[in-house]
Amino acid sequence: MSIQRIIVVLGPPGSGKGTQGKMLAFKLNCAYLSMGQHLREFSVKGTELAKKVKETIDSGTIIPDDWMKIIFREKILELMDQETIILDGFPRDINQVPILDDFIKEVNIWEFEVVFLNVPEEILIARIKERKNKETRADDNPEIIHTRFKEYEKKTLPVIETYRQRGNLIEIDGHRDINTVHQELMSKLRVKDKQ
Ligand code: AMP
């Protein structure tokens, strides 16, 4: 068996990508890969690249595409025995779109969808502040949050627009309770069950 289906989850910082991505993976009984989480784990490995990744994450900017090409491929190849992958937070920049396109062609993925969790900025800031009380993420402080939003607007919104134009986008109003968002997401997926 190899990967047949990829569901990408995108949205601004604090939009619930992690929460919804994990719920979806549980429901579909499939693999979940958070690129942010993977990078945080990668960043403590002690290599030169790891140190640079840590500095970049802590600054609130996103990792350069040429590094992401290597990091993405290395990680996704570990998941080749999975049938379905929920991919949280990749691609995050327009130059990462062809990295995923190439992989989709190479592996012959037959089902590809992109979920966009849309939440207004003022709600997001309140959510991230709340998360800061529960988790310790160096990039959850007010100045860095501002940079992360700017990065999202400049780099990730064009990715979302690209998928919208291609007809791959499922847009969800993420400004509602967790279960309502999950239900709507499930109802909008083209394929609801594990094949
Ligand atoms: P997240 O956990 O999704 O909020 O991601 C945390 C941080 O990881 C981001 O602010 C970026 O620095 C980095 N990151 C996550 N995904 C990517 C990606 N696809 N490309 C570049 N950087 C990323």
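Everything numeric here is computed off the predicted structure, so don't read it as measured data. (Residues numbered from 1 in each chain as written. Predicted model: local features only at pLDDT ≥ 70, side-chain atom pairs only at ≥ 80, totals over all residues. Heavy atoms only, no water.)

## Observations concerning the packing of helix α1 (residues 17–28) against helix α8 (residues 178–188)
With their axes 10 Å apart at the nearest point, α1 and α8 run at an angle of 55° to one another. With respect to α8, the axis of α1 lies oblique. Crossing geometry of α1 relative to α8 is assigned as right-handed. Facing Thr-19, Gln-20, Met-23, Leu-24, Lys-27 and Leu-28 of α1, the residues of α8 in contact are Ile-178, Asn-179, Val-181, His-182, Leu-185 and Met-186. The class makeup of the residues in the contact of α1 with α8 is 7 nonpolar, 4 polar and 1 charged. (Axes fitted to C-alpha atoms, helices over the stretch in contact; angles between N-to-C directions. Helix = DSSP H or I, 4+ residues; strand = E, 2+ residues; numbered from the N terminus. Parallel < 35°, antiparallel > 145°, perpendicular 65-115°, else oblique. Left-handed = near helix turned anticlockwise from the far one by under 90°. Contact = heavy atoms within 4.5 Å. Nonpolar A, V, L, I, M, F, W, Y, C, P; charged D, E, K, R; others polar.)

## Side note on the packing of helix α2 (residues 35–42) against helix α3 (residues 48–59)
Contact geometry of α2 with α3 gives a least axis separation of 8 Å together with a crossing angle of 130°. When the axes of α2 and α3 are compared, the pair comes out oblique. With respect to the hand of their crossing, α2 and α3 are arranged in left-handed fashion. Facing α2, whose interface residues are Leu-39, Arg-40 and Phe-42, α3 presents Leu-49, Ala-50, Val-53 and Ile-57. Here the contact of α2 with α3 is composed, by residue class, of 6 nonpolar, no polar and 1 charged.

## Section: the nonpolar core
One finds Ile-6, Phe-72, Leu-87 and Leu-100 to be the most contacted residues of the largest nonpolar core, which totals 36 residues. Take this core: its biggest share by element is 6 residues, from helix α5 (residues 97–107). What Leu-87 contacts, discounting residues up to four positions off in sequence, is Ile-6, Ile-7, Val-8, Val-9, Leu-33, Met-35, Phe-72 and Leu-100. Membership of the second largest hydrophobic core comes to 15 residues, among which are Ile-7, Val-9, Leu-24 and Leu-28. (Core = buried A, V, L, I, M, F, W, Y, C linked by side-chain atoms within 4.5 Å. Buried < 20%, exposed > 50% of the residue type's maximum accessible area, 1.4 Å probe, protein only.)

## Quick notes on the environment of Arg-176
The residue Arg-176 is located in the loop between β5 (169–173) and α8 in this model. Residues Arg-176 and Val-119 lie 57 residues apart in sequence; the distance between their C-alpha atoms is 8.9 Å. Excluding residues within four positions of it along the chain, Arg-176 makes contact with Arg-127, Val-181 and Glu-184.

## Regarding α3
In a regular helix each residue adds 1.5 Å, so 12 residues correspond to 16 Å; α3 covers 17 Å between its end C-alpha atoms and thus fits that length. Looking only at α3, the buried set comprises Ala-50, Val-53, Thr-56 and Ile-57. Seen from one end, α3 has its buried residues packed into an arc of 125°, which puts them on one side. With respect to the buried face of α3, the exposed residues turned more than 90 degrees away are Glu-48 and Glu-55. Just downstream of α3, Gly-60 is the residue with a positive phi angle, here 90°. (Expected span 1.5 Å × (residues − 1). Arc of directions from axis to C-beta.)

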